Number of protein chains: 2
Amino acid sequence: MYTLFHHPFCPLSRFVRLALGEHGLDLRLVEERPWERRAAFLALNPAGTTPVLIADARPAIPGAGVICEFLDESHGPSLGDRRLLPTVMDDRIEVRRLVSWFNEKFFEEASGPLVTERIYKRFMSEEDGGGPPAMDVIRAATANVRYHLAYIGWLARTRNFLAGDQLSYADLAAAAHLSAIDYLGDVPWTEDEAAKAWYARVKSRPSFRPLLSEWLAGVPASRTYVDLDF
Amino acid sequence: MYTLFHHPFCPLSRFVRLALGEHGLDLRLVEERPWERRAAFLALNPAGTTPVLIADARPAIPGAGVICEFLDESHGPSLGDRRLLPTVMDDRIEVRRLVSWFNEKFFEEASGPLVTERIYKRFMSEEDGGGPPAMDVIRAATANVRYHLAYIGWLARTRNFLAGDQLSYADLAAAAHLSAIDYLGDVPWTEDEAAKAWYARVKSRPSFRPLLSEWLAGVPASRTYVDLDF
């Protein structure tokens, strides 16, 4: 049994939930508000960020990248030829490149600022940086979503899944970040049919269902969020 | 034979150079100015960032994290009990946690902005963002160096090397980032004796020598940069 310290709209936490779901692993969720900097949470992860995975009799496993490598090493082999980090080296390079692309670059340029401005800031106290969203930050981030969506579309047109023939952690990472900002209506799906068709396939997987049932009081989900045929 | 597209003061490139050095691997260096966004470089790494490692007959390997996993999988076993990513799972978690700490958090909060403001901006054209350094950015980053140095000191006081008993990628990552900003005189060594003693040990390794011979025209190195007994 795993425990995940997460925030329901943290894109990196969503990635870990999808990965655990694809591995068929049971999970207990603990909601963390990382901006509150709880002492007990900082003891688990001095970086103070979500996600943090707790496995029995192990040190806390912080960060999407470290968790991803841990899951593959611990549970990858039992997936057989559906392994989410392939065993061929060139394929591993490509999956890791794209996981890093989405969990670092997309997060920094798009999903991170959008979730912070539109969701986290509602719950933050003034001294933690709460308040109305910064519209210039949102404008820059939504512009970045468009070029990322075009890149996803290009990958989806040239391959079956984003990193190659099979579903991999790269698809889960991309879909996790998109799902968080799709809730906010920040994905211009009509701009890229291939990206949209790829996302519809990933979104219909059973591992995705728990994410789609996350609703935020006071912030209604976009029209496309739950609809599998958006 | 490997080829590394790097910048001599990119902390992440320095990490890869140290890692290749510890593995005893030969390396050809190609200096890249990532802000110029050369088309041929973007074809190797669409993210447009250094480092990118080229290995014969493989796709380009972009990013310090992806390169680190690649090196360990390809060359780790031959290091035997000096392997830089240990084989015991709990130790792997700790090494990866700290590699991510330095290559992402320290880079974002301290070494990245300092190198950009003080070095890269000298070479950038005005339209690329060149010009005089932003003093508020430098002030924030140098304040962050102090708390990172205290964390390194705390790790060094409780362990032989940063992640445990043995030298690991965590030490190479920390030392790489520190070396880039030490050139600029931005490390307050007198504030933490344990951090300083740990750095002196890592700095005296043969893998470090090529870094210490990097000099930048017009920007003299700090007094402590080359001195092994600083």
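By convention here, each chain's residues receive numbers from 1 onward along its written sequence. Starting at A for chains and at 1 for ligands, labels are handed out in the order in which the entities are written. At least 70 in pLDDT is required for a residue's local features to be given in this predicted model, at least 80 for side-chain atom pairs to be given and counted, and no such filter applies to totals for whole chains, interfaces and linings, which use all residues. Side-chain metrics rest on all non-hydrogen atoms present in the structure, leaving aside hydrogens and water.

Chain A is annotated in an unreviewed UniProt entry as Glutathione S-transferase of Rhodopseudomonas rhenobacensis. UniProt positions are given in the numbering used here, feature names are shortened, and annotations may be inferred rather than shown by experiment. The UniProt entry for chain A carries the following text under Subunit (unreviewed entry): "Homodimer."

> When you look at the pairing of strand β1 (residues 2-6) of chain A in this model, what are you seeing that I'm missing?
When a strand is regular, its side chains alternate between the sheet's two faces. Residue and element names in this part refer to chain A. In this scheme, a residue with accessible area under 20% of its type's maximum is buried, one over 50% is exposed, and one in between is partly exposed, where area comes from a 1.4 Å probe on protein chains only. Helix and strand definitions here come from DSSP, where helices need a minimum of 4 consecutive H or I residues and strands a minimum of 2 consecutive E residues; each element is numbered from the N-terminal end. Buried residues dominate β1, accounting for 5 of its 5 residues. The two faces of β1 match: Tyr2, Leu4 and His6 on one face and Thr3 and Phe5 on the other face are all buried. Where β1 lies against strand β2 (residues 27-31), 5 bridges are found, and the strand directions are parallel. Along β2, the bridge assignment pairs Phe5 with Val30. Crossover handedness is defined by viewing with both strands directed away from the observer: a clockwise path from the first strand over the helix to the second marks the crossover as right-handed. Regarding topology, helix α1 (residues 11-22) serves as the crossover connection from β1 to the parallel β2, and that connection is right-handed. As paired strands, β1 and strand β3 (residues 52-55) are joined by 4 bridges and run antiparallel to one another. Considered in β3, the bridge of Thr3 is made with Ile54. We treat two strands as partners when DSSP finds at least two bridges between them.

> I keep staring at the UniProt feature "domain: GST C-terminal" (unreviewed entry) in chain A and nothing clicks. Help me out?
UniProt marks residues 88-228 of chain A with the feature "domain: GST C-terminal" (unreviewed entry), using the numbering shown here. Summarising residues 88-228 of chain A: 63% helix, 0% strand, and an end-to-end C-alpha distance of 33 Å.

> I'm lost on the interface of chain B and chain A in this one. Help?
In many analyses, interface size is given as the accessible surface area lost on bringing the parts together. The interface of chain B with chain A comprises 23 residues on the first partner and 23 residues on the second. For this document, the term salt bridge refers to a Lys or Arg side-chain nitrogen within 4 Å of an Asp or Glu carboxyl oxygen. Between the two partners, chain B and chain A, sit 8 salt bridges. Note that A:Glu69 is salt-bridged to B:Arg96, the shortest N-O span being 3.7 Å. Any pair of N or O atoms that falls within 3.5 Å is considered a polar contact. Within protein, one atom must be able to donate a hydrogen and the other to accept it, and sequence-neighbouring residues count only if both atoms are side-chain atoms. Applying the counting rule to chain B against chain A returns 6 residue pairs in polar contact (both at pLDDT 80 or more). The set of elements that each furnish at least two residues to the side of chain B that touches chain A consists of β4 (61-62), α3 (64-75) and α4 (89-123) of chain B. Residues count as neighbours in contact if any of their non-hydrogen atoms are within 4.5 Å of one another.

> What is the right way to read the pattern of salt bridges from this model?
Two side chains with opposite charge may pair up if their charged atoms get near one another. Taken as a whole and judged by the stated rule, the model has 32 salt bridges over all chains. The partner of B:Arg92 in a salt bridge is A:Glu73, with the nearest N and O atoms 2.7 Å apart. Of this pair, B:Arg92 sits in helix α4 while A:Glu73 sits in helix α3 (residues 64-75), on two different chains. Overall, B:Arg92 belongs to the buried group, its relative accessible area being 10%. Residue B:Glu191 pairs with B:Arg146 through a salt bridge whose shortest N-O separation is 2.8 Å. With B:Glu191 in the loop between α6 (169-183) and α7 (193-203) and B:Arg146 in helix α5 (residues 135-158), this pair connects stretches of sequence that are 45 residues apart. In this structure B:Arg146 comes out as partly exposed when scored by relative accessible area, which is 47%. Each of the salt bridges in this network shares a partner with another, and the network as a whole consists of A:Glu69, A:Glu73, A:Arg92, A:Arg96, B:Glu69, B:Glu73, B:Arg92 and B:Arg96.

> Explanation requested: the relation of the copies chain B and chain A in the structure shown.
Note on the chain copies: they are related by a rotation about an axis and a translation along it. For the least-squares superposition of copies, only C-alpha atoms count, and only for residues with pLDDT at least 70 in both. With an axial shift of 0.0 Å and an RMSD of 0.0 Å, the rotation relating chain B to chain A amounts to 180°. Both copies are brought into coincidence by an operation consistent with a two-fold rotation axis. Comparing interface residues between copies, 100% of those in chain B also sit at the interface in chain A, which points to an isologous, same-surface contact.

> Looking at this model, I keep getting lost on helix α7 (residues 193-203) of chain A. Mind explaining?
An α-helical segment advances 3.6 residues per turn. Residues three or four places apart therefore align on the same side. Here α7(A) has its buried residues at A:Ala194, A:Ala195, A:Lys196, A:Trp198, A:Tyr199, A:Val202 and A:Lys203. Considering only its buried residues, α7(A) is in contact with α5 (135-158), α6 (169-183) and α8 (209-212) of chain A.

> What am I meant to see in the packing of aromatic side chains here?
We describe a pair of aromatic rings using the distance from one ring centre to the other and the angle between the two ring planes. Two aromatic rings from Phe, Tyr or Trp, using only the six-membered ring of Trp, form a pair when their centres are within 6.5 Å; if the ring planes differ by under 30 degrees the pair is stacked, by over 60 it is edge-to-face, and anything between is tilted. A complete count under the given rule lists 30 aromatic pairs over all chains for this structure. Judged by centre distance (6.1 Å) and plane angle (10°), the ring pair of A:Tyr151 and A:Trp154 falls under stacked. Remark: A:Trp154 and A:Tyr151 occur in helix α5; sequence separation between them is 3 residues, near one turn of the helix. For A:Trp154, a relative accessible area of 45% translates into the label partly exposed. Aromatic pair B:Trp101 and B:Tyr151: ring centres 4.6 Å apart, planes at 40°, arrangement tilted.

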